[in-house]
Amino acid sequence: MAGPVGRRVTAAMVARRAGTSVSTVSLVVNGKSRGRVSEVITDRVRAAVDELGYVVDHAASSLARGTTDLVVLLAPDLPNPYFGRVTTGIRAALGSRHPLMLSVIEGGEQPGADDVRRVAAFRPAGLLVHAPSPTFLDDLEPGGPPMVLMDAPGFESRAATVTFDLEPGVRALVAHLAAAGHTMIAYLEGSTPSATFTVRRELLSRVAAAHGLRVLDDGTRAGLTLDSAADVSTEALPRWRAAGATAVVAAADTMAYGVLAAAHRLGLAVPGDIAVAGFDDLPYSQVTAPALTSVALPAEELGRAAAQRLAGVLAGADGYGVAPRLPSRLAARASTGA
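Residues numbered from 1 in each chain as written. Predicted model: local features only at pLDDT ≥ 70, side-chain atom pairs only at ≥ 80, totals over all residues. Heavy atoms only, no water.

## Side note on the packing of helix 7 (residues 167-179) against helix 8 (residues 195-210)
Argument step 1. Relative to each other, helix 7 and helix 8 sit at 45 degrees, their axes nearing to 9 Å. Comparing the axis directions of helix 7 and helix 8 gives the class oblique. Every pair of crossing elements has a handedness; the one defined by helix 7 and helix 8 is right-handed. Residues Glu 167, Val 170, Arg 171, Leu 173 and Val 174 of helix 7 form the contact with helix 8, whose participating residues are Leu 203, Leu 204, Val 207 and Ala 208. (Axes fitted to C-alpha atoms, helices over the stretch in contact; angles between N-to-C directions. Helix = DSSP H or I, 4+ residues; strand = E, 2+ residues; numbered from the N terminus. Parallel < 35°, antiparallel > 145°, perpendicular 65-115°, else oblique. Left-handed = near helix turned anticlockwise from the far one by under 90°. Contact = heavy atoms within 4.5 Å.)

As structure tokens, then:
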């Protein structure tokens, strides 16, 4: 039997039909009755819900709680296909319990405290923050929404995080380049400050030195786009090659695409004149000309693990402790002669 036409069915009406209290109805319809409401009463409430056509008013529930069920992903570059894979993992882990809102940071900057304040107006249940700025936690006021930081090495002792274990992939990349006879590698850094970019550069330099290779890190930086990296690399490649570099590693695949474009502009053969590699292993990296060698970072797994950790935090679990570290690997392709 449907509810009266033109009249909204309320929890109080369901409670009267089921012969119980409004609070009991709330426990049942919100999936919180296990161990708190008997099976007999639970069945009566569900039958009354079906008979009356009751629909939970999530907006009203949110107002009463002071929060919504919304989870917000803060990231600097959502159009990047990398974040499509991250979002797929998040969505799979959140299920239907938490709607997901994507918030891209203006200008492609790293997420900062001001961005948290902005989305806090939506009263989210929690935040997922990708690659925050180095001062992110220092600038936050206490008492904000629960959050998990993604790809944020160095924050593990101060926040709930999920990070990549970059070492396996970087070691494999350096060994691959050394086996191909390279002795000097130029490095193209991202212009946006990010802890994960710092770790990529420092780890590459350290592992290369152990293999007898030198990383030419002259401070050359580009934005995280093909066009920006292409313009910067067109100017830098002659300088790098004059210094003895025979390979370029970019901080991200989108930047490595710009290096490939710059090499084409300058008439350089890849990998004959210059080898090129990046980080992320985006889907496009398999179809560039030539196909791009990349340190593969499991983006979908990152999203899934971060959402699972946030769910634990929302359920009252301690956000600290051992942070999940997702292993990287090398995807060796034609841009380095594989």
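## Concerning unusual backbone geometry
Argument step 1. Cis geometry is found at the peptide bond from Val 270 to Pro 271, where omega equals 10 degrees.
Argument step 2. Residue Pro 290 follows Ala 289 across a cis peptide bond; omega there is -5 degrees.
Argument step 3. Checked against the element boundaries, Pro 290 lands in the loop between strand 10 (275-280) and strand 11 (293-296).
Argument step 4. Not every positive phi belongs to a glycine, and Asp 281 is a case in point at roughly 60 degrees.
Argument step 5. In this fold, Asp 281 is placed in the loop between strand 10 and strand 11.

## Here we look at the pattern of salt bridges
Argument step 1. Per the stated rule, a full pass over the model turns up 15 salt bridges.
Argument step 2. The closest approach of N and O atoms between Arg 201 and Asp 217, which form a salt bridge, is 3.2 Å. One end of the pair, Arg 201, is in helix 8; the other, Asp 217, is in the loop between strand 7 (214-216) and strand 8 (221-222), and 16 residues separate them in sequence.
Argument step 3. Residue classification places Arg 201 among the buried residues on the basis of a relative accessible area of 17%.
Argument step 4. Where Arg 333 meets Asp 281, a salt bridge forms, and the shortest distance between an N and an O atom there is 2.9 Å. Within this pair, whereas Arg 333 is found in the segment after strand 13 (329-331), its partner Asp 281 is found in the loop between strand 10 and strand 11, the two being separated by 52 residues in sequence. (Salt bridge = Lys/Arg side-chain N within 4 Å of Asp/Glu carboxyl O. Buried < 20%, exposed > 50% of the residue type's maximum accessible area, 1.4 Å probe, protein only.)

Fair warning: the whole summary comes from geometry, so function is off the table for now.
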